[in-house]
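A look at the structure
Residue-level listing of the chains:
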Amino acid sequence: MQDLKIPAHIAFIMDGNGRWAKRRLMPRKYGHKMGVEALKRVIAACEKLGIKEVSFYALSTENWSRPKDEIDALLAMIKKFADEEMKEYVDKNYRIRFMGELHRLPQETQNALESIARAAENNTGIVVNIGINYGGRDEIARAAQKAAESGLPVTEEAINANLDTAGMSDPDVIVRCAGEKRLSNFMLWQCAYSEFVLIDDFWPDFNEQTVLRIISEYSGRERRFGGLK
Ligand code: IPE
Ligand code: IPE
Ligand code: MG
């Protein structure tokens, strides 16, 4: 059997919740609910397998164009996830971080997320990074603005230090699922040398076996970072 290389950081673009539900003649909201269950399974599997950092795309800056009842359902799920699972994660020593502009969320959700991030700041376990109202272009623009305001030269390092992911490693792997093959504005700066793994399954079907498939595919990749082998 091939030796498995465990990536330090995997980033997941969670997709296909709506189609998963449609196949079952269920409303899209039900797909999102089962998507939260998959998120819990995947976080647990990554922690168990020794992955140090995981990132998830939960809500994009473009997703606000969806019907209001779907957005409301997603916001309610984010709040519930914060009040229940995230609190447990803090107690389990996980570090919880967020990417994106939280200010567009309801005030009580922002407060809940900010207090979780603060409570988990000095935790030393797996880093769980969640993109909410996140867009890669928006993140880069905000970071460039902050770097420029500092009066120092706008270098790559200065932008890196002002991104929402400041201090984190770049993803070794970016996973897109549900048969799609695009980034949809996710971690545009950080993905410069990430390995892309495409999984046809819809997100609500993800589990530990899926994570093992991803690691197995990653283990066969040869990374060169522009150099020679
Ligand atoms: C991903 O599932 C979740 C979010 C984007 C919030 P989708 O809701 O995009 O599901 P599909 O792609 O329509 O099936
Ligand atoms: C990407 O999925 C955004 C999230 C997973 C939050 P979308 O379903 O919004 O992406 P597109 O529209 O298919 O590119
Ligand atoms: Mg989608």
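Above this text is the structure in question.
One structure accompanies this document, and this report is about it. What you see is a predicted model, and the numbers here were worked out from it, not measured in a lab. (Residues numbered from 1 in each chain as written. Chains lettered and ligands numbered in written order. Predicted model: local features only at pLDDT ≥ 70, side-chain atom pairs only at ≥ 80, totals over all residues. Heavy atoms only, no water.)

A closer look at the site of ligand 1
The immediate surroundings of ligand 1 are formed by 13 residues, with Asp15, Gly18, Arg19, Arg28 and Arg66 found nearest. At a separation of 2.8 Å, an oxygen atom of ligand 1 approaches a polar side-chain atom of Asp15. Contact distances for ligand 1 include 3.0 Å between an oxygen atom and a backbone N or O atom of Gly18. Where the shell around ligand 1 is concerned, the elements lending two or more residues are helix H1 (17-23), helix H2 (28-48) and helix H3 (68-91). With three residues, H1 is the single largest residue contributor to the shell around ligand 1. Looking at the shell around ligand 1 residue by residue, the class counts come to three nonpolar, five polar and five charged. (Near = heavy atom within 4 Å. Polar contact = N/O pair within 3.5 Å; in protein donor to acceptor, adjacent residues only side chain to side chain. Helix = DSSP H or I, 4+ residues; strand = E, 2+ residues; numbered from the N terminus. Nonpolar A, V, L, I, M, F, W, Y, C, P; charged D, E, K, R; others polar.)

Here we look at helix H4 (residues 107-119)
Here H4 spans 18 Å end to end across 13 residues, near enough to the 18 Å set by a 1.5 Å rise per residue. Those residues of H4 that fall on the buried side of the exposure criterion are Thr109, Gln110, Ala112, Leu113 and Ile116. Each buried residue of H4 sits inside an arc of 165° when the element is viewed along its axis, so together they form one side. Exposed and oriented more than 90 degrees from the buried face of H4 are Gln107, Glu108 and Arg118. Lining the buried residues of H4 we find H3, strand E3 (95-99) and strand E4 (127-134). (Expected span 1.5 Å × (residues − 1). Buried < 20%, exposed > 50% of the residue type's maximum accessible area, 1.4 Å probe, protein only. Arc of directions from axis to C-beta. Contact = heavy atoms within 4.5 Å.)

Considering the site of ligand 2
Around ligand 2 sit Ile13, Met14, Asp15, Tyr57, Ala58, Leu59, Ser60, Asn63, Arg66, Arg176, Arg182 and Ser184, and that is every residue in its neighbourhood. A distance of 2.8 Å separates an oxygen atom of ligand 2 from a polar atom in the side chain of Arg182. In the model, an oxygen atom of ligand 2 is placed 2.6 Å from a nitrogen or oxygen of the Ser184 side chain. With the chains in place, 78% of the 390 Å² that ligand 2 exposes on its own is no longer accessible. A class-by-class count of the residues in the shell around ligand 2 yields five nonpolar, three polar and four charged. (Areas by Shrake-Rupley, 256 points an atom, 1.4 Å probe, with all protein chains shown as cover.)

By themselves, these observations are geometric and do not establish any function.
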